[in-house]
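The chain contents come next:
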Amino acid sequence: MTTNTQQDAGRAVKALVGTKLGMTQVWDEEGRLVPVTVIKVDSNVVTQIRTLDVDGYQAVQIAAGEIKPKKVTKPLKGHFAAAGVTPRRTVLEVRTSDADSYELGQEIGLDTFSAGETVDVTGTSRGKGFAGVMKRHGFGGGPASHGAHKIHRKPGSIGGCSTPGRVFRGMRMAGRMGHKRNTIQNLTIHAIDNDHGYVLVTGAVPGAKGGTIVIRTAAKGA
């Protein structure tokens, strides 16, 4: 998993990898009920540092999540051993201008972010299997009566016969829905529980319970 964008190349970007536990609701200081997503953040470690001289860009590789060593390939075992850390399940690379301030094997904790900070949260959305155009794209479907025959949930015309004589690329049609990497921007960190390793983010984030979540510095700000 990578977050290498040219936009991040010239600014300092912080990131953490965690696991989505689910949603709940809490009260804020003004007595309002706030829906939050609870993200469990375990130990994050630096496994590689990209430099301008060697790689042509600046980035930090972060690894997180427990995994049995026997499930890791030999090249990855050597990669983690070079950084002096045990094998991890998820590896994330983030472009940041302050990559030289990190060290191999350095642990990144919850103090990376603070309550009230604006962040972008990335996760893999739920997979819904093969879906029609009404569910997948919100089409209205065909007529429900007046002689309509088995076209109630069909998409309608997808292109002309002689002109253009083909179906244009990107035509919205039925197909697999969900299971894509999505990012929700400008969410607010409501609270951080250092004792249990929880980060409470206001609102919903992509993915099912137990999915891998990336919390990173907001690209566009509040």
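Remember, predicted model here, so these are calculated numbers, not experimental data.

J.: So what exactly am I meant to see when it comes to the packing of aromatic side chains here?
T.: Any pair of aromatic rings gets described here by the distance separating the centres and the angle formed by the planes. Here the structure, examined in full by the defined rule, presents zero aromatic pairs. Directly above the ring of Tyr-57 sits Arg-95, whose terminal nitrogen or CZ lies 4.4 Å from the centroid.

J.: Just checking my understanding: could you explain a positive patch on the surface for this structure?
T.: Together, Lys-68, Lys-70, Lys-71 and Arg-89 make up a region of like positive charge exposed at the surface. Looking at the element boundaries, Arg-89 is found in the loop between α2 (74-83) and β6 (90-95). Residue Arg-89 is classed as exposed on the basis of its relative accessible area, which comes to 53%.

J.: Explain the pattern of salt bridges to me, please; I cannot follow it from the model alone.
T.: Oppositely charged side chains are able to pair whenever their charged atoms sit close together. A complete count under the given rule lists five salt bridges for this structure. Between Glu-117 and Lys-14 there is a salt bridge, with the nearest N and O atoms lying 3.2 Å from each other. Taken together, the residues span a long stretch of sequence, with Glu-117 in the loop between β7 (107-108) and β8 (118-124) and Lys-14 in the loop between β1 (2-3) and β2 (15-27) at a distance of 103 residues. Of the residues examined, Lys-14 reaches a relative accessible area of 27% and is grouped as partly exposed.

J.: Mind showing me how you'd approach the sheet that holds strand β11 (residues 181-193) here?
T.: One key point about sheets: their strands pair by backbone hydrogen bonds, in either a parallel or an antiparallel sense. Around the barrel, six strands lie side by side as β2-β3-β12-β11-β8-β13; this closed barrel has antiparallel pairing. If you compare each strand with its neighbour and ignore which way they point, the axes differ by 50° on average.

Rules and cut-offs
- Residues numbered from 1 in each chain as written.
- Predicted model: local features only at pLDDT ≥ 70, side-chain atom pairs only at ≥ 80, totals over all residues.
- Heavy atoms only, no water.
- Phe/Tyr/Trp six-rings, centres within 6.5 Å; stacked < 30°, edge-to-face > 60°.
- Lys NZ or Arg CZ within 6 Å of the ring centre and 35° of its normal.
- Patch = residues over 30% accessible without salt bridge, like charges linked within 9 Å, V, L, I, M, F, W, Y side chains within 5 Å.
- Areas by Shrake-Rupley, 256 points an atom, 1.4 Å probe, with all protein chains shown as cover.
- Salt bridge = Lys/Arg side-chain N within 4 Å of Asp/Glu carboxyl O.
- Lys, Arg positive; Asp, Glu negative; His and termini not counted.
- Charge placed at Lys NZ, Arg CZ, Asp CG, Glu CD.
- Helix = DSSP H or I, 4+ residues; strand = E, 2+ residues; numbered from the N terminus.
- Buried < 20%, exposed > 50% of the residue type's maximum accessible area, 1.4 Å probe, protein only.
- Pairing = 2+ DSSP bridges.
- Axes fitted to C-alpha atoms, helices over the stretch in contact; angles between N-to-C directions.

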